[in-house]
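Chain by chain, the residues:
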Amino acid sequence: MNKFQELGLNSSILKAIEDMGFKSPSEVQEKTIPILLDEDTDMVALAQTGTGKTAAFGFPLIQKIDPKSKHTQALILSPTRELCLQITNELKNYSKYEPSLHPVAVYGGASITEQAKQIERGAQIIVATPGRMQDMIRRKLTDISKIEYCVLDEADEMLNMGFYEDITAILSHTPKEKNTWLFSATMPKEVATIAKKFMRNPVEVTVGSKNMGATNVSHEFYLVNARDRYAALKRLADANPDIFSVIFCRTKRDTQKVAERLIEDGYSAAALHGDLSQNQRDLVMKSFRTRQIQMLVATDVAARGIDVDDITHVINYQLPDEVETYTHRSGRTGRAGKTGTSMVIVSKSELRKIKSIERIIKQSFDEKQLPDGKDICRVQLLHLANDIKNTEINHDIDTYLPNINKVLEDFSKEELIKKFFSVEFTRFSNYYKHASDLAPVSGGANVDLDPNSTRYFMNVGKKDGFDWMSLKDFLKDALQLGKDGVFKVDVKDSFSFFNTENSETDKVLNAFNDFEYQGRKINVEVTKNSNNGGAKGGRRRKGRKDGGFGKSDSKSGNKGRSRFKDDKDTGFKGKKGKRSGSRGKNIESSIKRRKSKK
Ligand code: ADP
Ligand code: MG
């Protein structure tokens, strides 16, 4: 029996699910669908972004609605036009084999009379943004007085966007005896208030721990002087030729400015913010979805709920004020089981924020150094080589070949390759020849982050079956330190790092002095220089204080101390999120698009 079938879904939905290619339900779907199908109950469901919440309410809703009756039986409120359209489309997919069911999207920026007409024809489900829904009600273009189901989707984002009053007003037009289902990625106070006020004994479903960022997202930060932010962004883009990312800025103005500079510098970028017309925003989103744009520079509000899969990187050009916002930002990547990277360009004065974000998301950041010119040239040239390898030959050039061959006839293959690559290489090399490493003068980040703690290296890692949580538990047990005695646990392939208060150093080293785990000797040592040095001024040292994860990460084995020496002058810092290969015709290699001016 199919796993979806076990949840109690009927055959027309099962058929649609098969068409969509869903193999098995996600955790939130597994937990919510049977309850929503069986019981008439209110529900609060919390699950991270990208875990399939739409289907979690969409499947049971479709099954419970009576398609033969034309009156509006369900209202779904969602924060943005984008999401509204997405949900409506999904519902249409789910109800593919239930042709008399008509979900209608109601959102601002489009003709209200057209939407009213669609509702008049019979809309059993209305999917609406709160603002436009209010308009509709005021103008008596819709009747929600007999709905049986109300879904508040992405409730935290709706409240973040200031829709509390609209939601309250809209709900006052709905009957008391309906079921309300609230779906949210996080549970801030405001959401709890809504739940208390509008719901009766809701069943609570939580997937993962509350407020936790998606675990398949790794978090990195790059410390730079505030004035080098843009240069840093460019390096991150240059070192990731296949990048497909959302770049977050704090203000509309910065969003526009950064996008303009990127475009000017030859990147495929665009801005998305509230000063654009609805039409412009739609165009931008369309180009992004179809990968004509590689870097979407956006404000938090404009990017809410963007559901584009396969985003490789989220870049925080500036950190947001609220930690919750960081969770939403990083949740744009690592969706649907994929992995992703959330990068933060951070200035020294903001380092504290990194710490508080770590506490909330319960994941630690990797401090990384920006790739230098050499790294970037290497990545770009290799990317170009792969592009050439994978390019299909266009035989339209055949007629021009005799002349071309004549020009190049005296060169060997080796010479031709060298010349060909020099054409591209010289631009990059000239740009980066005299570029600095962009690391801020004086002080490494960890010094500022943790003046009172000591960082340790340990020769066990993922290969030994640990993740940060299990290693933390293991250390807490082994060391008998309190709940927060061990922190910043960072587990790599074959080794790990963690911190304790400075006062615990002896205890830690003694505890692991002669310690065996699964027949292997565990080696724990203080990483070089966690509390002094570095802050003396002058250029920042190249070596990473907390150990690197450069080129030898995966094959290093357990070399203990020696790997720190190896890392001293490590070349390219490993990029976890790097995709290989090219993404198809739309995306030319960015090296080709770069103008020669810079
Ligand atoms: P959320 O609302 O939790 O952020 P979505 O409902 O937007 O997540 O779903 C994220 C992505 O996962 C969508 O592309 C969706 O089609 C896909 N998805 C949802 N459920 C499944 C499933 N059971 N199997 C495979 N993909 C799924
Ligand atoms: Mg959603």
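Here's what I pulled together on the structure shown here. (Residues numbered from 1 in each chain as written. Chains lettered and ligands numbered in written order. Predicted model: local features only at pLDDT ≥ 70, side-chain atom pairs only at ≥ 80, totals over all residues. Heavy atoms only, no water.)

### Digging into the overall build of the protein chain
Right, on to step 1. Scanning the protein chain from N- to C-terminus turns up 24 helices and 20 strands.
Right, on to step 2. When the 598 residues of the protein chain are sorted by exposure, 53% land in the buried category.
Right, on to step 3. For the protein chain, the proportion of contacts with a sequence separation of at least 24, taken over those separated by at least 6, is 77%.
Right, on to step 4. Accessible area of the protein chain: about 27,700 Å², with a carbon and sulfur share of 49%. (Helix = DSSP H or I, 4+ residues; strand = E, 2+ residues; numbered from the N terminus. Buried < 20%, exposed > 50% of the residue type's maximum accessible area, 1.4 Å probe, protein only. Contact = heavy atoms within 4.5 Å. Areas by Shrake-Rupley, 256 points an atom, 1.4 Å probe, with all protein chains shown as cover.)

### A short note on the sheet that holds strand S17 (residues 496–501)
Right, on to step 1. An order of S16-S17-S15-S20 is seen for the four strands of this open sheet, with the pairing classed as antiparallel. The sheet terminates laterally at strand S16 (487–491) and strand S20 (524–526), the two strands that pair on one side only. Strand-to-strand twist across the sheet, computed as the mean angle between neighbouring axes with direction ignored, equals 25°.
Right, on to step 2. Two elements, strand S15 (residues 453–458) and S20, share three bridges in a ladder whose sense is antiparallel. From the neighbouring strand, Met458 faces S20, where its bridge partner is Val524.
Right, on to step 3. Across the sheet, helix H21 (residues 468–479) touches S15, S16 and S17, and the angle it forms with S16 is around 125°. (Pairing = 2+ DSSP bridges. Axes fitted to C-alpha atoms, helices over the stretch in contact; angles between N-to-C directions.)

### So, the site of ligand 1
Right, on to step 1. Near ligand 1, the surroundings consist of 19 residues, among which Ser24, Gln29, Gly50, Lys53 and Thr54 are the closest.
Right, on to step 2. Within the contact set of ligand 1, an oxygen atom lies 3.2 Å away from a backbone nitrogen or oxygen of Gly52.
Right, on to step 3. In this structure, Lys53 approaches ligand 1 through a side-chain N or O atom, which is 2.9 Å from an oxygen atom.
Right, on to step 4. When residues of the shell around ligand 1 are assigned to domains, at least three fall in each of domain 1 (3–206) and domain 2 (217–367). (Near = heavy atom within 4 Å. Polar contact = N/O pair within 3.5 Å; in protein donor to acceptor, adjacent residues only side chain to side chain. Domains from an automatic or database assignment.)

### Some words on the sheet that holds strand S14 (residues 366–368)
Right, on to step 1. Across the sheet, which stays open at both edges, the seven strands sit in the order S10-S11-S9-S12-S13-S8-S14 with parallel pairing between neighbours. Of all strands in the sheet, those with a lone pairing partner are strand S10 (269–272) and S14, marking the two edges. When the angles between neighbouring strand axes are averaged without regard to direction, this sheet yields 25°.
Right, on to step 2. Here strand S12 (residues 313–316) pairs with strand S13 (residues 340–346) via four bridges, running parallel. Looking at the pairing, Ile315 lines up with Met343 of S13.
Right, on to step 3. The sheet strands contacting helix H12 (residues 252–264) are strand S9 (245–248), S10 and strand S11 (295–298), and the helix crosses S10 at an angle near 165°.
Right, on to step 4. In this fold helix H13 (residues 278–289) packs onto S9, S10 and S11, with an angle of close to 140° to the strand it touches most, S10.

### Here's the deal with the pattern of salt bridges
Right, on to step 1. One pass over the full model with this rule turns up 23 salt bridges.
Right, on to step 2. Asp143 is the partner of Lys146 in a salt bridge, and the nearest nitrogen-oxygen pair spans 3.8 Å.
Right, on to step 3. Residues joined by salt bridges that share partners form a network here, namely Asp366, Arg455, Asp490 and Lys492. (Salt bridge = Lys/Arg side-chain N within 4 Å of Asp/Glu carboxyl O.)

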